[in-house]
Amino acid sequence: MLECREISKHFAGVVALDSVDLTVGAGEIVGIIGPNGSGKSTLVNVISGFLPPDGGEVLLGGESLSGLSPTAVRRRGLARTFQNLRLIEPISVLDNLLVGLHLKYTNNNDRYWQWLPATFGGRRARQVDREARELAHRMLEEVGLDHLASERVSNLPYGQKKRLELARAVALEPRMLLLDEPTAGLEPTEAHELVRLIVDVVAASAERGLLLIEHRLEMVLDLCDRVIVLDSGRKVAEGSSEAIAGDRDVIRVYVGDEGVSDAAEG
Amino acid sequence: MTPSILQSRTGRAVESARPGGVGRRGGSRAVWAVAVLVAACYLAPAFLTSVFQLQVLTVTFLNAALTVGAVLALGYAGLLTLSHGTLYGVGAYITASLITDHGVPFPVAFLLAGVGGAVGGLVLGMASKRVRGDYFALVSLAFTIAVYELMLHWDAVTHGASGFFGIPVTSLFGVQLSGFSAGYYTCLVLLTLTTLFVWRFSRTFAARAMLAVRFDDFAAESMGINAFFTRQLAMALSGALAGFAGAILVATAVFVAPGNFNLLASFNIGLWVIIGGMASIPGAIAAGGLITLLTEEFRFLSHVSVGLLGVLVLIAVYTRGGVLSDLVADRVARRHGRRLTSEAPRA
């Protein structure tokens, strides 16, 4: 599904990514762990088109994503969340989800002029609008936020914002989903609930690939089929959760004490 | 969940704001209030004997319509344009030139004025590819001054500083548009249609995309929204609405001169949108309309009014936008619990 070939990225002489190879198959959940500054977020930004790589290539379903804008990458079916939430805070929860559904109802097939019938009425346009709202409400129900549909996002507690961002990312049923530290900043119980949500909602589709960047070791080992360890931009280990979990030395050496203490906390 | 657990910022229980919930009742009250107000406006000439009052209201409606049009670019797409008055002028000059110098019938000139405004908006909008926020405001400032100079000095087309006088009486489908009460109704219809258009548009995916781009274009792009197209759409629509308003100005007033479209005109419209609460349609009508009404009615106080406007701007800045909208219009603006009005513009 997703394939990264020798991705490299430098920032003013600092090596952020050094020929990283990565594959995520259909229906597979792959986790990336590594200490701060190991290049995890840079990798997500390169894959999702927000940063151009200095070398290497990203392929989605065999098709190259090189040189595509984030918008174009999104249109090819790759969605992402952000480590620091990026919701549209001043508008309602429902409207945020409708923003997530934008592609489906407007320019997925270059329907740039959808606003014309929508503005000047027409039964068909009203029908589409009703459909979109119903779909949005259903998505909100799935993540347990439907009772807050008309609330302003800025009034939501952090944990619910995380849920909303997740719902917004899966709204269009992307074939590949990148989650950048989905549980960062959450209480252990909240984090646990979110993991359950990821399993229930996000990974529900058997076809969808999932790339997960995480700090919480326990969660990664629980959830992922395969784990990749990054350090200073290099891939230093890759294996099944069991193999990585069994090899505590790998973690101590490459993730450092932080990873071990994270594991203890989580 | 009981309402006390989670209250919206206005203190209203969340439950009541749900579509189809208790909030509906508040909505229908607002609909009645608007209906009464609109009816009053349409019946007013029957009771108004003073020609001066009629003219004041005519200008009020025209300015309110202009402000509503500017809401799309400023409030929705977040483009700090100081050129809305200029695009209004482009529409006015196109209409005046076509009907006086070229004998084009008014309906055709009206449409071309809208096209001209939209093209002007798109030209200015090109700058948004490179610059945002305050810098875009500076580019639009330059645009405004450049077009103003063009109006002043391109004598062959614009008739220079004196502009167009004695514009022929315009009519649409046999109905005369100029004259005191005809002008009143023409501007009122313009305001009604502009408001209906912007209101309907504000519920589309494109309008939501504009808000997404305004508040976080990074997130918008990750949602597959084309930020540049979205901004240009806002500029084109705003420009077209300004152009139509310009055509109506020509139809109802007897002369057009560069002085109507200087920097101050554009600046005022931007100010009204900000005071009205950026993305609030009722706020825009209230701010643009009321401030025009008060300035016209209290002309003898004109030396103070500039200072009063300054105070309003300060309040707008310190309350993070939306003075009028927070007091009055927000209750009307709230639909599906949406509350867009109290957010200051973001670069």
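Bear in mind that the values here come from a model prediction, so they are computed numbers and not experimental data.

1. A short note on the overall build of chain A
Then, in step 1: Within chain A, the regular secondary structure consists of 12 helices and 10 strands.
Then, in step 2: The buried share of chain A, taken over its 266 residues, is 47%.
Then, in step 3: Taking the contacts inside chain A whose residues are at least 6 apart along the sequence as the reference set, 69% of them involve residues at least 24 apart.

2. Side note on the overall build of chain B
Then, in step 1: Scanning chain B for helices and strands turns up 14 helices and 2 strands.
Then, in step 2: Across the 347 residues of chain B, 51% fall into the buried class.

3. Points about the sheet that holds strand β9 (residues 226–231) of chain A
Residue and element names in this part refer to chain A.
Then, in step 1: Taken in spatial order, the 6 strands make up an open sheet running β6-β7-β8-β3-β9-β10, and their pairing is mixed. Two strands close off the open sheet at either side, each with one partner strand: β6 (78–80) and β10 (234–240). Neighbour-to-neighbour, the strand axes of this sheet turn through a mean angle of 15 degrees, independent of strand direction.

4. Thoughts on the confidence of the model for chain B
All names here are of chain B.
Then, in step 1: Of the residues in chain B, 82% reach a pLDDT of 70 or more, and the chain-wide mean stands at 80.
Then, in step 2: Across chain B, helix α4 (residues 106–125) holds the top mean pLDDT of 95, while helix α14 (residues 323–333) sits lowest at 44.
Then, in step 3: Every residue in residues 1–25 is under pLDDT 50, and counting partners more than four places away or in other chains gives 32 contacts.
Then, in step 4: The low-confidence segment residues 325–347, where pLDDT is below 50, has 71 contacts with residues more than four positions distant or belonging to other chains.
Then, in step 5: Among the prediction metrics, the complex's ipTM stands at 0.83, with pTM recorded as 0.83.

5. Describing the environment of Asp-216 of chain B
Then, in step 1: Considering the arrangement of structural elements, one finds Asp-216 of chain B in the loop between α8 (205–215) and α9 (217–222).
Then, in step 2: Residue classification places Asp-216 of chain B among the buried positions, given that 20 C-beta atoms sit within 10 Å.
Then, in step 3: Expressed as a C-alpha distance, the spacing of Asp-216 of chain B and Ala-227 of chain B, which sit 11 residues apart in the sequence, is 9.9 Å.
Then, in step 4: Not counting residues up to four positions away in its chain, the partners in contact with Asp-216 of chain B are Arg-86 and Ile-88 of chain A.

6. Describing the environment of Gly-133 of chain B
Residues and elements named next belong to chain B.
Then, in step 1: Summarising the element assignment, Gly-133 is placed in helix α5 (residues 133–153).
Then, in step 2: Overall, the presence of 13 C-beta atoms within 10 Å leaves Gly-133 in the partly exposed class.
Then, in step 3: Spatially, the C-alpha atom of Gly-133 lies 27 Å from that of Met-151, the residues being 18 residues apart in sequence.

7. A word on the nonpolar core
Then, in step 1: By size, the foremost hydrophobic cluster in this structure holds 164 residues, and its most contacted members are Leu-97, Leu-140 and Ala-167 of chain A together with Val-71, Ala-212, Ala-234 and Ala-245 of chain B.
Then, in step 2: For Ala-234 of chain B, the contacting residues outside a window of four places in its chain are Leu-72, Ala-73, Tyr-76, Ala-77, Leu-79 and Met-210 of chain B.

8. What about the sheet that holds strand β5 (residues 63–64) of chain A?
Then, in step 1: Spatially, the 4 strands line up as an open sheet ordered β2-β1-β4-β5 (chain A), and their pairing is antiparallel. Looking at which strands have only one partner, the edges of the open sheet turn out to be β2 (14–24) and β5 of chain A.

9. Digging into α4 of chain B
All names here are of chain B.
Then, in step 1: If you check α4, its first and last C-alpha atoms are 28 Å apart, about what 20 residues at 1.5 Å a residue would give, namely 28 Å.
Then, in step 2: Of all the positions in α4, only Phe-106, Ala-109, Phe-110, Ala-113, Gly-114, Gly-116, Gly-117, Ala-118, Gly-120, Gly-121, Leu-124 and Gly-125 are classed as buried.
Then, in step 3: Tucked into the core, α4 has its buried residues touching α3 (84–101), α5, β1 (171–172) and α10 (227–252).

10. Observations regarding the packing of helix α2 (residues 51–76) of chain B against helix α7 (residues 180–201) of chain B
All names here are of chain B.
Then, in step 1: With their axes 9 Å apart at the nearest point, α2 and α7 run at an angle of 20 degrees to one another. Overall, the two elements α2 and α7 adopt an arrangement that is roughly parallel. Of the two possible hands of crossing, α2 and α7 adopt the one that is left-handed.
Then, in step 2: Among the residues making up the contact of α2 with α7, the classes are represented as 17 nonpolar, 7 polar and no charged.

11. Here's the deal with the confidence of the model for chain A
Then, in step 1: The predicted model of chain A has a mean per-residue pLDDT of 83, with 89% of residues at 70 or higher.
Then, in step 2: Here helix α12 (residues 256–265) of chain A stands out as the least confident element of chain A, with mean pLDDT 52; helix α3 (residues 93–100) of chain A is the most confident, with 92.

How each quantity is defined
Residues numbered from 1 in each chain as written. Chains lettered and ligands numbered in written order. Predicted model: local features only at pLDDT ≥ 70, side-chain atom pairs only at ≥ 80, totals over all residues. Helix = DSSP H or I, 4+ residues; strand = E, 2+ residues; numbered from the N terminus. Buried ≥ 20, exposed ≤ 12 C-beta atoms within 10 Å, placed from the backbone. Contact = placed C-beta atoms within 7 Å. Pairing = 2+ DSSP bridges. Axes fitted to C-alpha atoms, helices over the stretch in contact; angles between N-to-C directions. pLDDT = per-residue confidence, 0-100. Core = buried A, V, L, I, M, F, W, Y, C linked by C-beta atoms within 7 Å. Expected span 1.5 Å × (residues − 1). Parallel < 35°, antiparallel > 145°, perpendicular 65-115°, else oblique. Left-handed = near helix turned anticlockwise from the far one by under 90°. Nonpolar A, V, L, I, M, F, W, Y, C, P; charged D, E, K, R; others polar.

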